[in-house]
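# A structural walkthrough
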Amino acid sequence: MTPHTPALHIALGEPIGRRASPDLWGIFLEDINDALDGGLNADVVQNGQFEYSPEDRPGWGPLTAWTAQGSVTVRSADPVHTATATHVRLHGDRTAASITNHGYDGMTLGAGPHLLELALRRVDEAAASLTVRLTRGDREIARTSLALDAPAREWTFLQTRLELPADVEDAALALELARGTADLDVVSLRPIDPGTGRPRTFRPDLVAALAELKPSFVRFPGGCVAHGLGLENMYHWKTTLGPRHERRHLRNTWGYHQSMSIGYLEYFLLCEQLGATPMPIVPAGVCCQNLPGGPRAIPQDEMPEYIRDVLDLVEFANGGAETGWGAVRTALGHPEPFGLRYLGVGNEDQITADFRDRFHQIHAALRAEHPEITVIGTAGPNPFGIDFEDGWTFAREEDVAIVDEHGYRTPHWFHQNTRRFDTYDRSGPAVYVGEYAARTSRLRSALAEAAGMIGMERNSDVVRLASYAPLLARVGHTQWTPDLIYFTDTEVRPSASYHVQRMFSHARGEHVCGLEVTGAAARVRGVPDARSVRLRSPGNRVRWSEIAVDGITHPDQVTAADGEEIALPGWGADACEISVQLTRIEGAQGAEIHLGGPAGTTHYTVQLGGWQNRTSVVGRSDDGIGDEIDGPTPLRGFATGVPRHVRVRAELVAGSVRLRVWIDGELAHDVQDRGDPDELVVVGAVAREDGTRILKVVNATAQQRPLEITTPWDGPVTGTAEILAGPDPDEGAPFEAWPHPIGVESLHGRGRLEMAVPAWSFSVITLPAP
Ligand code: AHR
C-alpha cells in the first residue's frame, strides 16, 4: 500500500426503515446453451426420441447423435405416440442391425448402476433379444440383453440396468438386434441415485451449484423460449407433462431441440429441491417480435382457452388434490402444492396494441381468480428506450404489481447506474431485474454486477426480485455469453459472477442500513481519452470514397472482410465531422465507423447494416466491452455496388459526447452519451433481525485501500470478510471457472475495525452484534 492510497472509511449507521426484500436474489433457468438437455437433464442419450429435424438446425435429422449399422430405417407410421412419431426400425438378418448413441460430446458416466429405458415394438417373432452395450472406442464397458417376449406389433416399454465398473468418458450406447425386425423409440440412460434407488432426473453437480446460490425463486422457461418463434413455437406448459413420449417437442429458440424432458413438473420439483418459489413466465398471448412477420397474437377466439391454461397453471402448482389440476399433480406423484407466488406474463415484448389487449385479458383473469398471485409485467429488452418506456407506462395503467426490467450492459454502464433505483417511484409497480449481466465473464464484469446489486439491495423496497442471466452454459454449445455457470460433462465451472451471486445470496439482511462513506472513488468516463477515426467492414469488402474529416479530404480506401482497420486522423478538437460515401464490393452487410481510442479503449461505433443488414446502431465500448447506446434503428440495407452517403458528427457537450448520424441525408441517430461518473468503490449495508450487520464493498480500482469501519457498538467487535479478488480485472474468461480461491479473513477490533480492501475485489463483511 503506498502512502498515497486513498483510505476508505465507512461509518455504519442504523436501519433506515426500509425492509430488504426477502425474495431479492433468485435464478433464471432457460433452455439456452444446452442448459436442459445436455445439461441439467441427467439423461445422457441425445436425441433419444429421434425427433431432431433440419428445422431445429440445418443438417440435423432423426439420426443426429446416432450412428447406424446394418438395416436401420427411420419411420413415423404407427408411432408410440403422435406427439413424437419418429422412430427407427431395426432389421437383423444375416448381419445384425444396430444404432449407437454418442450423447452430447461422447457420454460421461459415473461408476455404478444406470437405468436404460426404451420403447420397443417387435414387428416379427424372430426379434427375440436386443443387446445393449456401453462402449468406449473398441472397448466394451458393460453389456446386457433384453429379452423381447411381448406380443408382436405392440409398443412395450422396457427397462434394464447397466452396471458400470468405473467412471467412463467418451462412451457410446449401442443397441443391437441380431435377428428379426423391431421398432425402437424413447431411449434414455440415466444414473441411478444410490440414495433413492431411482433414476436421476437432474445432474447432481449442477443442482449442487444452483443450490449453493440459495435462490429465493426460479424463473422458467424464458426469456425468449417462453413466447417462442411464432405462435406454433410458443411454450405451452400443459404439453410438457406426463410420459416423455407424450410431450410436445419444440424447435428451440436458440437453434436446437427441446425434448421437454425437463417440463413443468420437473421444474417445480427442482424449485422444491432448491427451496425456492417457482416463477413461471407465460407468454402474454403474443409471440416474439424479432421475426420476419413481427409479433403475432393468439387469435381472439382462442384466447379464452389460453387464459384457462394460465389459470390452470396456478391450480396445477397450488390447488388441492380435490381441484382438477391439483388432482393431475397428485396423480403425477406430488400431492403437496408447490407454493407458487409469482407469475410473469410476457417477456421483452414490444408494447403493441395486440400485446396490451392480450396482456390485459390475462391479467384481469388472474386478478379475478387468483388475487394471491403477484403478477409480473414486462418492459422490453433494454433498461431504456421505447419498449422500456412504453412497458412501464402500460404497467402503471394496468396497475401491474411488478415490472420485469432487463439489462445486459457493459461494466461501465453498471458502475454508472449504481444509483438508478434511488429515485424510482415508490408508489407505482415494484421492479424485478429479471435478466442482467455485465459483459463478459471476467472479474471486471463481476465487480460491476456487484456494484449494481448493491444499488438493488439498497433499494429493495422497490427492487423486489433480481436474477442474473443466462444461468447455465455447456462449453462448446453456447449461443450466448457471458453465463453464470459453465459446464462440461465432467466439470462445473462457476464464473466470477457466480461467486458474486452466491455471496450476495448468502449475505442477506432484513433491513437496509444507513452508511457514511468517505474515500470512495468515482471516475468520469464520458469522453474517450484518444480521438481517432477508424473505418472497418468485418465480413464485407467496402470502398470508402469522398472521405472528408473536418473538411479535410482523404484518398479513397477499401476495407477488407477480415476486419482490418483504416485509421484517419481526426477529432482533434471538441467536435469532429466525418462525411463519406461507402459502397459494398462484396458481402451481405455494411460497415463500421469508429471514433475514439483504439480497440480495448473507450470508443464509439457507428454500425451500419448490422442484424441481417436491417439496422444501424450507435455503440460505445470501454475496456474492450461494447454495447448499444442508440438503436437499433431500421435501415434500408446496403446493396452491393450501390453507394450510400453517411455523415457522422461527434461533439463534446457539457462534458459528454453527442453523436449524430445521417444516412443518405436523413438523421438516423442523435444520442447524447451520459457523462455521469462511474462509481468504482461502492458500499452497501444491511442488518439482520438479530442485529448482525453485513457490509458489501466493491473496489473496482487497481489500488488496494485501507478500510476503517466504525461500528455502532463501542465494545469489542469480531467479524469475517469473504473476499473475491484477482490481480487483473480481465481474469476469468468465458467458459472457464474463476481461477482464484475466495479469501476469508477474521476481523477484530473495539468500536472500529480495520482491514485492507484488495484492488479489484468484492468483499462481504459480516459483523455479528456483540
Ligand atoms: O438470457 C438470454 C435472453 O436474453 C433471454 O432469452 C431474453 O429474454 C433476453 O433477450
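What comes next is a walk through the structure. Position numbers for residues start from 1 in each chain and track the written sequence from start to end. The predicted origin of the model limits local features to residues at a pLDDT of at least 70 and limits the giving and counting of side-chain atom pairs to 80 or more, whereas totals for whole chains, interfaces and linings rest on all residues. Side-chain calculation: all heavy atoms of the structure are included, whereas hydrogens and water are not.

### Observations regarding the site of the ligand
Keep this limit in mind: Put simply, a residue is near a molecule or strand once any heavy atom of it comes within 4 Å of that molecule or strand. Polar contact is the term for a pair of N or O atoms within 3.5 Å; when the atoms are in protein, one must be able to donate a hydrogen and the other to accept it, and sequence-neighboring residues count only if both atoms are side-chain atoms.
Around the ligand, the surrounding shell consists of E30, I32, G223, C224, W254, N347, E348, Y408, E435, A469, P470 and W480. C224 has a polar backbone atom sitting 2.8 Å from an oxygen atom of the ligand. Here an oxygen atom of the ligand and a side-chain polar atom of E435 are 2.7 Å apart.

### Describing the layout of surface pockets
This is how the line gets drawn: Note on definitions: the grid is 1 Å and covers protein atoms alone; a cavity is a set of points where a 1.4 Å probe fits but cannot get out; a pocket is an open set with protein on both sides within 12 Å along at least five of seven lines; lining residues have an atom within 4 Å of a point. Grid points are joined across faces, edges and corners, and a volume is the space filled by probe spheres set on the points. Here a helix means four or more residues in a row that DSSP labels H or I, a strand means two or more in a row labelled E, and each is numbered from the N terminus. Each residue receives one of three labels: charged for Asp, Glu, Lys and Arg, nonpolar for Ala, Val, Leu, Ile, Met, Phe, Trp, Tyr, Cys and Pro, and polar for the others, Gly being one of them.
By volume, the second largest pocket is sized at about 1,100 Å³. Around the second largest pocket, the lining comprises 34 residues; the ones closest to its centre are R190, P199, R200, T201 and E266. Where the lining of the second largest pocket is concerned, the elements lending two or more residues are β8 (112-122), β11 (155-164), β13 (180-191), α2 (204-211) and α4 (264-274). For the lining of the second largest pocket, the element with the highest residue contribution is α4, accounting for four residues. The class makeup of the residues in the lining of the second largest pocket is 13 nonpolar, eleven polar and ten charged.

### Overview of the sheet that holds strand β24 (residues 485-487)
Under the convention used in this document: By this definition, two strands are paired if DSSP reports at least two bridges between them. Axes here mean lines fitted to C-alpha atoms, for a helix over just the part in contact, with angles spanning 0 to 180 degrees between N-to-C directions.
A sheet is described by the order of its strands in space; here three strands give the open sequence β23-β24-β25, paired in mixed fashion. Edge strands, defined here as strands with exactly one partner in the open sheet, are β23 (472-474) and β25 (492-494). Here the average twist between neighbouring strands, direction ignored, is 25°. Inspection of the sheet shows β24 paired to β25 by three bridges, in the antiparallel sense. Residue pairing in the sheet places F487 in a bridge with V492 of β25.

### Thoughts on the state of the cysteines
We count it as follows: Pairs of cysteine sulfur atoms within 2.5 Å are what we label disulfides. The classification of residues rests on relative accessible area computed with a 1.4 Å probe and restricted to protein chains. Under 20% of the type maximum is buried, over 50% is exposed, and intermediate values are partly exposed.
By the definition in use, this model includes zero disulfides. Lacking any disulfide linkage, C224 is separated from the closest cysteine sulfur, that of C288, by 5.3 Å. Its relative accessible area of 18% is what places C224 among the buried residues.

### Comments concerning the environment of R614
Which entries qualify depends on this criterion: The contact rule is simple, with two residues in contact once any of their heavy atoms fall within 4.5 Å.
With respect to the helices and strands, the residue R614 is situated in the loop between α12 (610-613) and β36 (615-622). Here the alpha-carbon distance between R614 and F638, two residues 24 residues apart in the chain, equals 8.5 Å. Apart from the residues lying within four places of it in its own chain, the contact partners of R614 are T633, P634 and L635. In terms of polar contacts, R614 uses its side chain to reach the side chain of Q612, at 3.0 Å.

### A short note on the pattern of salt bridges
Where charged atoms of side chains with opposite charge meet at close range, the side chains can pair. Quick reminder of the rule: Criterion for a salt bridge: a side-chain nitrogen of Lys or Arg within 4 Å of a carboxyl oxygen of Asp or Glu.
Taken as a whole, this structure holds 55 salt bridges when the rule is applied. For D730, the salt bridge is made with R444, and the minimal N-O distance between the two is 3.3 Å. Note that D730 is positioned in the loop between β45 (716-725) and β46 (743-750) and R444 in helix α10 (residues 443-458), a separation of 286 residues in sequence. E457 is the partner of K696 in a salt bridge, and the nearest nitrogen-oxygen pair spans 2.9 Å. Separated by 239 residues along the polypeptide, K696 in strand β43 (residues 693-699) and E457 in helix α10 bring together distant segments of the chain. Looking at K696, the relative accessible area reads 0%, which means it is buried.

### Regarding the side chain of H227
Tracing the sequence through the fold places H227 in helix α3 (residues 224-227). Of note is the side chain of H227, whose polar atom sits 3.4 Å from the backbone oxygen of N347. Apart from residues no more than four positions distant in its own chain, H227 is found in contact with M234, P283, V286, C287, C288, Q289, N347 and D349.

### A closer look at the sheet that holds strand β34 (residues 591-596)
Across a sheet, strands are paired by hydrogen bonds formed along the backbone, either parallel or antiparallel in direction. With antiparallel pairing, six strands are arranged side by side in an open sheet as β32-β28-β34-β35-β36-β37. Strands at the two margins of the open sheet, each flanked by one partner only, are β32 (566-568) and β37 (625-634). Averaged over all pairs of adjacent strands, the angle between strand axes in this sheet comes to 20°, irrespective of strand direction. With five bridges connecting them, strand β28 (residues 532-536) and β34 associate as antiparallel partners.

### Regarding the pairing of strand β26 (residues 511-518)
Here strand β1 (residues 8-19) pairs with β26 via seven bridges, running antiparallel. Looking at β26, one finds that I10 is bridged to V517. Here β26 pairs with strand β42 (residues 681-687) via two bridges, running antiparallel. For H511, the partnering residue across the bridge sits in β42 and is A687.

### Description of the pairing of strand β19 (residues 374-378)
For a regular strand, side-chain orientation follows a simple rule: the groups alternate between the two sheet faces. Convention followed: With the strands aimed away from the viewer, a crossover counts as right-handed if its path from the first strand over the helix to the second runs clockwise.
Along β19, four of the five residues are buried, which leaves the element largely enclosed by surrounding structure. With three bridges connecting them, strand β18 (residues 342-345) and β19 associate as parallel partners. Bridged to Y342 within β19 is T374. Read from β18 through helix α7 (residues 353-369) to β19, the crossover connection turns out right-handed. Relative to strand β20 (residues 402-409), β19 runs parallel, the two being bridged by three bridges. From the neighbouring strand, I376 faces β20, where its bridge partner is I402.

### Concerning helix α8 (residues 386-398)
Our working definition: Expected span of a helix: the number of residues minus one, times 1.5 Å. This arc describes the spread of directions from the helix axis toward the C-beta atoms.
Between its first and last C-alpha atoms α8 spans 18 Å; for 13 residues at 1.5 Å apiece the expected length is 18 Å, and the two agree. Within α8, burial applies to D387, F388, G391, W392, F394, A395 and E398. Angularly, the buried residues of α8 cover 165° about the axis, an arc narrow enough to put them on a single face. What points out from α8, more than 90 degrees from its buried face, is the exposed set I386 and E397. Among the structural elements, α7, β19, β20 and β21 (430-438) are those in contact with the buried residues of α8. Just past α8, the residue D399 takes up positive phi, approximately 60°.

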